[in-house]
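Spelled out from the first residue to the last, the chains are:
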Amino acid sequence: LKQLLELDVDDEMDITIPEINDDDVLTPIPALSDIYHTSLEVMPQMQSSKLNIDIATLETAQARAGYYPRVSLTASVGSSNLSGTGLTFEEQLRDNFSDGVGVTVSIPIYSNRENKSAVEKAKLNEQIARLDYQDTQKGLLREVEQAYQDAIAAQNQYIAANENVKALQTSYNLIQQQYNLGMKNTLELLTEKNNLLSAEQSLLQAKYTSIMNSQILNLYQDLPLEIK
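Residues numbered from 1 in each chain as written. Predicted model: local features only at pLDDT ≥ 70, side-chain atom pairs only at ≥ 80, totals over all residues. Heavy atoms only, no water.

### Some thoughts on the overall build of the protein
Then comes step 1: Per the secondary structure count, the protein includes six helices and two strands.
Then comes step 2: Ordered by position from N to C terminus, the α and β elements of the protein give α-α-α-β-α-β-α-α.
Then comes step 3: Here the protein holds 228 residues, and the buried ones make up 24% of them.
Then comes step 4: Pairs at least 24 residues apart make up 71% of the contacts formed inside the protein by residues separated by at least 6 positions.
Then comes step 5: When the accessible surface of the protein is summed, it comes to about 16500 Å², and 54% of that surface belongs to carbon and sulfur atoms. (Helix = DSSP H or I, 4+ residues; strand = E, 2+ residues; numbered from the N terminus. Buried < 20%, exposed > 50% of the residue type's maximum accessible area, 1.4 Å probe, protein only. Contact = heavy atoms within 4.5 Å. Areas by Shrake-Rupley, 256 points an atom, 1.4 Å probe, with all protein chains shown as cover.)

### Considering the packing of helix H2 (residues 32–42) against helix H5 (residues 114–180)
Then comes step 1: Close contact between H2 and H5 brings their axes to 10 Å; oriented N to C, the two are set at 140°. When the interaxial angle is binned, H2 and H5 end up oblique. Two packed elements cross with a definite hand, and for H2 against H5 that hand is right-handed. Across the interface between the two elements, Leu32, Ile35, Tyr36, Ser39 and Leu40 of H2 pack against Gln137, Leu140, Leu141, Val144, Glu145 and Tyr148 of H5. (Axes fitted to C-alpha atoms, helices over the stretch in contact; angles between N-to-C directions. Parallel < 35°, antiparallel > 145°, perpendicular 65-115°, else oblique. Left-handed = near helix turned anticlockwise from the far one by under 90°.)

### Let's talk about the pattern of salt bridges
Two side chains carrying opposite charge are able to pair once their charged atoms lie near each other.
Then comes step 1: One pass over the structure, following the stated rule, counts three salt bridges.
Then comes step 2: Across the pair lysine 166 and glutamate 163 runs a salt bridge, and its minimum N-O distance is 4.0 Å. A residue pair is termed a helical-turn pair when its members lie 3 or 4 positions apart in one helix, as lysine 166 and glutamate 163 do in helix H5 at three residues.
Then comes step 3: For lysine 166, a relative accessible area of 45% corresponds to the partly exposed category.
Then comes step 4: By relative accessible area, glutamate 163 is classed as partly exposed at 46%. (Salt bridge = Lys/Arg side-chain N within 4 Å of Asp/Glu carboxyl O.)

### Here's the deal with a nonpolar patch on the surface
Then comes step 1: Judged by side-chain polarity, Leu1, Leu4, Leu5, Leu7, Met13, Ile15, Ile17, Leu204 and Tyr208 come together as a nonpolar surface patch covering roughly 940 Å² of accessible area.
Then comes step 2: Inspection of the secondary structure puts methionine 13 in the segment before helix H1 (22–25).
Then comes step 3: Overall, methionine 13 belongs to the partly exposed group, its relative accessible area being 32%. (Patch = residues over 30% accessible without salt bridge, like charges linked within 9 Å, V, L, I, M, F, W, Y side chains within 5 Å.)

### Considering the nonpolar core
Then comes step 1: Formed by 16 residues in total, the largest nonpolar core has its most connected members in Ile35, Met46, Leu140, Val144, Leu217 and Tyr220.
Then comes step 2: Secondary-structure elements contributing two or more residues to this core are H2, helix H3 (44–64), H5 and helix H6 (186–220).
Then comes step 3: Counting residues per element, this core draws most heavily on H5, at seven residues.
Then comes step 4: If sequence neighbours within four positions are ignored, valine 144 has contacts with Leu32, Ile35, Tyr36, Ser39 and Tyr220.
Then comes step 5: Judged by nonpolar contacts, the second largest core, of 14 residues, contains Val165, Ile175, Leu189 and Leu203. (Core = buried A, V, L, I, M, F, W, Y, C linked by side-chain atoms within 4.5 Å.)

Have a look at this one:
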């Protein structure tokens, strides 16, 4: 378990085994559509795909800006002083003070198709980002559907395993009574006992498999991984 969690060799683990009953194993599973629509909002791959679309849209707007006129504003302030003029430094700075403001307007008329190519490339990248988002949606749907079917199957398997244990327990009790009366031999008793133990093992496995699949569904709903 430490290897799976990629923990350091010096890290200590305190494992707690919770009490699990039928209510925990057979927790009602939300509708598939509800799980999927929630996952579209909370799963990180969907958030990443949305950001890629936003970035591509901004890049398209930036490329289109190449068609717009550009206005540049410049300003300057200066002064000078000379020695031997009989004027003080402060007087020369005041008398020679100069300033200026300029505005430059650039209108793109001919850009050798650079602007058009940039816009077409940006629009293509935006379309690719949207297609990637759709692919991510479909991939997530496949994941949620598989996890949902696994959870349903695991609960059904647990129910069947539980009924099997009850039936074999009843059968074992009957065989044991018959054995005590001399109607069954030791081999028959041990065979029935082994069948019961095997069914109990299957029930235990089905229990934790169902719990695990329920927790996987919680991931897609951004719910805490715990047994309620």
